[in-house]
Amino acid sequence: MSTTENAQEQGRTESGEEAKLAEYTRNGEARGPMKWLDRWRSTAAGRLTLKIIVGVIGGAMVIGGLIMVPFPGPGWLIVFGGLAVLATEFHWASRVLDFAKHVVGAATAWLKRQNWFVRIVAGTLTFLLAFAIVWLSLKLTLKIDLIQEAQFLFNR
């Protein structure tokens, strides 16, 4: 690449960065949380501290969400939220989040294209898998067997 092309490429990059900066600034000054983040990012210690804080919070959200995935509730939502938090400071998390969005979107689009029978089978398998995970978790941790409890209730 020639020097002129390189300069033009840098000009496009700078103008793109200026457009991003203009999104959260007014009169060239950051507002709200961006002003607070800019102050933290202005020093090396602040950048490191911010990365550690974001890493701990985002990591805890991802791990907590993964623990909750097998159980009924917002497990995957919390995992994606944790990835979004991590993506504010880590480029790898942004790539993982983009990949996850692509995969979930493709799976959803595929399921939407299927007929009602395939959708019912997919829903039934999902329910059975969730039930098996909850049943096994309760049996191993609390020594409660849901199947025996259900049989006891129906045989009364």
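Residues numbered from 1 in each chain as written. Predicted model: local features only at pLDDT ≥ 70, side-chain atom pairs only at ≥ 80, totals over all residues. Heavy atoms only, no water.

This part covers the overall build of the protein chain. When helices and strands are counted, the protein chain shows seven helices and two strands. What you see in the protein chain, going N to C, is helices and strands ordered as α-β-β-α-α-α-α-α-α. The buried share among the 156 residues of the protein chain stands at 14%. Taking contacts inside the protein chain between residues at least 6 apart in sequence as the whole, the part at least 24 apart equals 31%. (Helix = DSSP H or I, 4+ residues; strand = E, 2+ residues; numbered from the N terminus. Buried < 20%, exposed > 50% of the residue type's maximum accessible area, 1.4 Å probe, protein only. Contact = heavy atoms within 4.5 Å.)

Turning our attention to the nonpolar core. Residues Leu37, Leu50, Val54, Val62, Leu83, Leu86, Phe90, Ala93 and Leu97 constitute the largest nonpolar core, which totals nine residues. The set of elements that each furnish at least two residues to this core consists of α3 (44-68), α4 (75-87) and α5 (91-113). With three residues, α3 is the largest single contributor of residues to this core. Once you skip the residues sitting within four places of it in the chain, Val54 turns out to touch Gly59, Val85, Leu86, Thr88, Glu89 and Phe90. (Core = buried A, V, L, I, M, F, W, Y, C linked by side-chain atoms within 4.5 Å.)

Another point: the pattern of salt bridges. The tally for this structure, following the rule as stated, stands at one salt bridge. The partner of Asp145 in a salt bridge is Lys139, and the shortest N-O contact between them spans 3.9 Å. When its relative accessible area of 12% is taken as the criterion, Asp145 is described as buried. With a relative accessible area of 34%, Lys139 lands in the partly exposed category. (Salt bridge = Lys/Arg side-chain N within 4 Å of Asp/Glu carboxyl O.)

This paragraph deals with the side chain of Glu89. You can see Glu89 is positioned in the loop between α4 and α5. Contact partners of Glu89, with chain neighbours within four places excluded, come to Arg41, Leu50, Lys51 and Val54.

What follows deals with the environment of Val62. Following the sequence through the fold, Val62 ends up in helix α3. Owing to a relative accessible area of 16%, Val62 belongs among the buried residues under this scheme. Spatially, the C-alpha atom of Val62 lies 6.7 Å from that of Leu83, the residues being 21 residues apart in sequence. For Val62, the contacting residues outside a window of four places in its chain are Val79, Gly82, Leu83 and Leu86.

This paragraph deals with α5. In a regular helix each residue adds 1.5 Å, so 23 residues correspond to 33 Å; α5 covers 33 Å between its end C-alpha atoms and thus fits that length. Residues of α5 that are buried sit in contact with α4. (Expected span 1.5 Å × (residues − 1).)

As a further point, take α4. If you check α4, its first and last C-alpha atoms are 18 Å apart, about what 13 residues at 1.5 Å a residue would give, namely 18 Å. Every buried residue of α4 is listed here: Gly75, Val79, Gly82, Leu83 and Leu86. The buried residues of α4 occupy one face: seen down the axis, they fall within an arc of 100 degrees. Where the residues of α4 are buried, they touch α3 and α5. (Arc of directions from axis to C-beta.)

Turning next to unusual backbone geometry. Phi is positive for Lys143, close to 60 degrees, though the residue is something other than glycine. Examined against the element boundaries, Lys143 turns out to sit in the loop between α6 (116-141) and α7 (146-154). We classify Lys143 as exposed; its relative accessible area is 67%.

Don't take any of this as a statement about function, it's just geometry.
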